[in-house]
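# Commentary on secondary and tertiary structure
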Amino acid sequence: MYSRIIGTGSYLPEKILTNHDLEKMVDTSDEWIRTRTGITQRHIAAEGQMASDLAVNASLSAMENANIEAGEIDLIIVATTTPDMVFPSTACILQNKLGIKNCPAFDMQAVCSGFVYALATADMFIRAGKYRNVLVVGSEIYSNIVDWKDRSTCVLFGDGAGAVLLTQSDQPGILSSHLHADGNYSSVLSVPGNICDGKIQGNPYVNMEGNTVFKFAVKVLEEVVLEAIAENNLQTTDIDWLIPHQANIRIIRSTAKKLGISMDKVVTTVEKHGNTSAASVPLALDIAVRDGRIQSDQYVLLEGVGGGFTWGAVLLRW
Ligand code: ACO
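A brief look at the structure comes next. (Residues numbered from 1 in each chain as written. Predicted model: local features only at pLDDT ≥ 70, side-chain atom pairs only at ≥ 80, totals over all residues. Heavy atoms only, no water.)

## Looking at helix α2 (residues 30–37)
Regarding α2, the residues found buried are Asp30, Ile33 and Thr37. Along α2, the residues classed as buried sweep out an arc of 80° about the axis, all on the same side. Buried residues along α2 sit in contact with α1 (19–23), β3 (41–44), α8 (249–259) and α9 (270–273). (Buried < 20%, exposed > 50% of the residue type's maximum accessible area, 1.4 Å probe, protein only. Helix = DSSP H or I, 4+ residues; strand = E, 2+ residues; numbered from the N terminus. Arc of directions from axis to C-beta. Contact = heavy atoms within 4.5 Å.)

If you want it as structure tokens, here you go:
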């Protein structure tokens with residue numbers, strides 16, 4: 001038994017924040033942001049809009065695309081680092097907003113690798129024969145956790161959501177998944193703050209050693225692709241589409257170059273979305289499916305890396 005993606009969807013909030021807008025907020029320039037990151041703009045959630053609201057729109061779009069009704073969904077997994085609240089989980093809030101009764105629902109916290117972790121988890125539940133239709137969502141509102149006075153981080157992130165519907169199939173589908181973590185690096189990229197006794201304790205904003213993150217990301221994004229293709233007796237030339245986490249165009253280009261994969265085979269959205277953390281991979285996947293780049297029978301490799309550090313890949317046959 002395999003699992004197979006039968007529908008994709010995504011949602012971006014209406015408001016667009018350009019690099020030129022950021023020039024008015026912090027000491028930066030469009031030129032610096034574009035040359036160092038490839039980002040030209042990002043979407044920002046409206047006041048009061050929560051991760052679950054973005055997730056609802058992406059989910060409805062994926063459900064329509066898959067021709068699946070709310071009542072047919074057996075499990076919901078939401079990958080998010082920016083949940084609506086401490087609890088209940090954003091997945092439970094999403095379940096209620098979608099009008100689904102009684103299916104299990106939980107959040108996955110693996111920061112920018114969250115969607116890859118969630119997809120791998122959903123695949124295991126389906127392969128085990130436990131559930132038939134699983135809704136897997138990545139939804140983030142990073143604008144809530146970046147310090148808009150810190151030019152070294154606020155220019156990098158954006159808000160958005162992506163979703164897929166995964167179902168049981170006798171054909172793959174997902175061929176393999178590969179997950180990793182190394183908690184030794186937990187302080188390199190973090191939001192260390194917490195709520196204690198009614199007050200925020202510690203820094204509630206993204207805190208990062210940019211250069212360390214950059215080097216680590218390029219290293220593991222290459223390694224995990226090699227791991228996935230080796231397990232499936234494939235070569236990098238067999239990969240039709242690489243969909244990496246969208247953090248920085250230089251990380252993406254360096255990874256593709258090391259792997260000998262042409263940038264024509266790499267889906268990038270970082271230019272228009274910035275880094276949307278757990279939402280970046282499903283957003284890019286949905287765009288490449290809907291614009292017709294991804295075609296039936298092709299090999300598609302999704303990969304993520306993020307705080308923890310966590311990293312991973314899912315290889316699938318479309
Ligand atoms: N505008 C103008 N100048 C800036 C800005 C900015 N927005 N941000 C930093 N600078 C300055 C720095 O202060 C520094 O100035 P100095 O030389 O006078 O000290 C100079 O630019 C160079 O700074 P570096 O940090 O060395 O720049 P670098 O080329 O490494 O680029 C960047 C920084 C873009 C953050 C890069 O390290 C990076 O992309 N790292 C990966 C981080 C990432 O993607 N994190 C996302 C979360 S993790 C993930 O998704 C995998």
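## Considerations on the site of the ligand
In the neighbourhood of the ligand, 22 residues make up the surrounding shell, with Thr28, Arg36, Arg151, His245 and Asn248 lying closest. Between the ligand and Arg36 there is a distance of 2.7 Å, counted from an oxygen atom to a side-chain nitrogen or oxygen. His245 places a side-chain nitrogen or oxygen 2.7 Å from an oxygen atom of the ligand. Contributions of two or more residues to the shell around the ligand are made by α2, α6 (151–154) and α7 (210–231). For the shell around the ligand, the element with the most residues is α7, which contributes 4 residues. Of the residues assigned to the shell around the ligand, the class counts are 10 nonpolar, 8 polar and 4 charged. (Near = heavy atom within 4 Å. Polar contact = N/O pair within 3.5 Å; in protein donor to acceptor, adjacent residues only side chain to side chain. Nonpolar A, V, L, I, M, F, W, Y, C, P; charged D, E, K, R; others polar.)

## A few points about the sheet that holds strand β15 (residues 310–317)
With mixed pairing, 4 strands are arranged side by side in an open sheet as β8-β15-β14-β13. Across the chains shown, the open sheet's two edge strands, defined by having one partner strand only, are β8 (174–181) and β13 (241–244). Mean inter-strand twist for the sheet, computed between neighbouring axes without regard to direction, equals 10°. Pairing analysis gives 8 bridges linking strand β14 (residues 299–306) to β15, with the strands arranged antiparallel. (Pairing = 2+ DSSP bridges. Axes fitted to C-alpha atoms, helices over the stretch in contact; angles between N-to-C directions.)

## Details of a nonpolar patch on the surface
Taken together, Val86, Phe87, Ile195 and Ile200 make up a surface patch of nonpolar side chains, about 510 Å² in accessible area. Taking the relative accessible area as the measure of exposure, Val86 reaches 70% and is therefore exposed. (Patch = residues over 30% accessible without salt bridge, like charges linked within 9 Å, V, L, I, M, F, W, Y side chains within 5 Å. Areas by Shrake-Rupley, 256 points an atom, 1.4 Å probe, with all protein chains shown as cover. Salt bridge = Lys/Arg side-chain N within 4 Å of Asp/Glu carboxyl O.)

## A few points about the sheet that holds strand β1 (residues 2–11)
Paired through their backbone hydrogen bonds, the strands of a sheet run either parallel or antiparallel. Overall, mixed pairing links the 5 strands, which are arranged β1-β7-β6-β4-β5 in an open sheet. At either margin of the open sheet sits one strand with a lone partner, and together these are β1 and β5 (105–108). Averaged over all pairs of adjacent strands, the angle between their axes in this sheet comes to 20°, without regard to strand direction. As paired elements, β1 and strand β7 (residues 159–169) share 9 bridges and run antiparallel to each other. Bridging across to β7, Thr8 finds its partner in Val164. The strands touched by helix α10 (residues 280–290) within the sheet are β1, β6 (133–141) and β7, with β1 carrying the most contacts at an inclination of about 95°.

## Some points on the side chain of Glu222
With respect to the helices and strands, the residue Glu222 is situated in helix α7. For Glu222, a relative accessible area of 17% gives the class buried. Within polar-contact distance, the side chain of Glu222 engages the side chain of Lys258 at 3.3 Å. If sequence neighbours within four positions are ignored, Glu222 has contacts with Thr255, Lys258 and Leu259.

## Quick word on the pairing of β14
With 8 of 8 residues buried, β14 is to be regarded as a mostly interior element. Neither face of β14 is left uncovered, since the one carrying Tyr299, Leu301, Glu303 and Val305 and the one carrying Val300, Leu302, Gly304 and Gly306 both have all their residues buried. The pairing of β13 with β14 spans 4 bridges and is parallel. Across the sheet, residue Ile243 finds its bridge partner in β14, namely Leu302. The antiparallel hairpin formed by β14 and β15 contains 3 residues in its connecting segment, where Gly308 sits at a positive phi of about 145°.

## Things to note about the packing of aromatic side chains
As enumerated under the stated definition, the model contains 6 aromatic pairs in all. Connected via pairs of aromatic rings, a cluster forms that spans Tyr185, Phe216, Phe309 and Trp311. (Phe/Tyr/Trp six-rings, centres within 6.5 Å; stacked < 30°, edge-to-face > 60°.)

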